[in-house]
Amino acid sequence: MSGEESVPLAAQLRARGMRLTSQRQRVLAGVAALEHGTPEEIHAWLKAEAGAGGAAPDTSTVYRNLEVLERLGLVWHTHLGKGAPVYHAAQHPHLHVVCQSCGQIISADPGLLDSAAERLAADLGFTVDVGHVALSGTCRACAEKTRTEHR
């Protein structure tokens, strides 16, 4: 654990001249609860959490807070294909595999790409940012379902 991770979020924000607002706390809670949520999904989660009579930040406030939280290194975003990026807690680097059939998102160990990353670096001088990598394909369950249907 780095020294900054052990410092409470409020102190990290104050050190950067910012406050830990209730909206930032709530957006961060939404990111954590959804694991891989778009800004719109995070907004919907916040509305549901607030209940019928409760107040939730509007979508533009969610976007602004996600930008701040990402600058602070607390969340990362990944583009999983078409549409809005998804946000996830910046706990550890991981790559994403996305099933084109069912939409399941699986977090995977970035070490799975080590040989490909080394080859890209050697051949092209290109460094892979694993936190933003998303691979599309077919998950095991969908592949097995397809094989079963074709028997």
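Above this text sits the structure in question.
Being a predicted model, the structure only gives us computed values, none of them experimental.

Each value, and the rule that gives it
- Residues numbered from 1 in each chain as written.
- Predicted model: local features only at pLDDT ≥ 70, side-chain atom pairs only at ≥ 80, totals over all residues.
- Heavy atoms only, no water.
- 1 Å grid on protein atoms, 1.4 Å probe; cavity = no way out; pocket = protein on both sides within 12 Å on 5 of 7 lines; lining within 4 Å.
- Points joined across faces, edges and corners; volume = space filled by probe spheres on them.
- Helix = DSSP H or I, 4+ residues; strand = E, 2+ residues; numbered from the N terminus.
- Nonpolar A, V, L, I, M, F, W, Y, C, P; charged D, E, K, R; others polar.
- Buried < 20%, exposed > 50% of the residue type's maximum accessible area, 1.4 Å probe, protein only.
- Polar contact = N/O pair within 3.5 Å; in protein donor to acceptor, adjacent residues only side chain to side chain.
- Core = buried A, V, L, I, M, F, W, Y, C linked by side-chain atoms within 4.5 Å.
- Patch = residues over 30% accessible without salt bridge, like charges linked within 9 Å, V, L, I, M, F, W, Y side chains within 5 Å.
- Areas by Shrake-Rupley, 256 points an atom, 1.4 Å probe, with all protein chains shown as cover.
- Salt bridge = Lys/Arg side-chain N within 4 Å of Asp/Glu carboxyl O.
- Pairing = 2+ DSSP bridges.
- Axes fitted to C-alpha atoms, helices over the stretch in contact; angles between N-to-C directions.
- Parallel < 35°, antiparallel > 145°, perpendicular 65-115°, else oblique.
- Contact = heavy atoms within 4.5 Å.

Undergrad: Go over the layout of surface pockets with me, naming the residues and quoting the values.
TA: Its volume calculated, the second largest pocket comes out at about 170 Å³. Around the second largest pocket sit Val97, Val98, Cys99, Gln104, Ile106, Leu135, Ser136, Gly137, Thr138, Cys139, Arg140 and Ala141, which together line it. Elements with a minimum of two residues in the lining of the second largest pocket: β3 (95-99), β5 (134-137) and α7 (140-149). Residue classes in the lining of the second largest pocket are distributed as seven nonpolar, four polar and one charged.

Undergrad: So, the side chain of His77: which residues are in play, and what are the values?
TA: One can find His77 in strand β1 (residues 75-78). Residue classification places His77 among the buried residues on the basis of a relative accessible area of 19%. A polar side-chain atom of His77 sits 2.7 Å from a polar atom in the side chain of Glu70.

Undergrad: So what's going on with the nonpolar core? Which residues, and what values?
TA: With 14 residues, the main nonpolar core has Val27, Ile42 and Leu66 as its most contacted residues. Of all the elements in the fold, those that place two or more residues in this core are α3 (22-34), α4 (39-50) and α5 (59-71). Here this core gets four residues from one element, more than from any other, and that element is α5.

Undergrad: For a nonpolar patch on the surface, give the residues involved together with the corresponding values.
TA: Together, Leu120, Leu124 and Phe126 give the surface a local cluster of nonpolar side chains, amounting to about 300 Å² of exposed area. Inspection of the secondary structure puts Leu120 in helix α6 (residues 114-124).

Undergrad: How would you explain the sheet that holds β3 if you had to name every residue and give the values?
TA: On the basis of which strands lie adjacent, the open sheet formed by three strands has the order β4-β3-β5 and mixed pairing. The open sheet has two free edges, formed respectively by β4 (105-108) and β5, since each of these has just one partner strand. Across the sheet, the mean angle from the axis of one strand to that of its neighbour is 25 degrees, orientation sign disregarded. Judged from the four bridges that link them, β3 and β4 form a sheet pairing that is antiparallel. Directly across from Leu95, in β4, lies its bridge partner Ala108.

Undergrad: Outline the environment of Ala33, supporting the account with residue identities and numerical values.
TA: Along the polypeptide, Ala33 turns up in helix α3. Residues Ala33 and Glu49, spaced 16 residues apart in sequence, show a C-alpha to C-alpha distance of 11 Å.

Undergrad: Let's hear about the packing of α3 against α4: which residues, and what values?
TA: Interaxial distance between α3 and α4 falls to 9 Å at its minimum, and their mutual angle equals 105 degrees. Taken together, α3 and α4 sit at an angle that is classed as roughly perpendicular. Contacts between α3 and α4 pair Arg26, Val27, Ala29, Gly30, Val31, Ala33 and Leu34 from the former with Glu41, Ile42, Trp45, Leu46 and Ala50 from the latter. Classifying every residue of the contact of α3 with α4 gives nine nonpolar, one polar and two charged.

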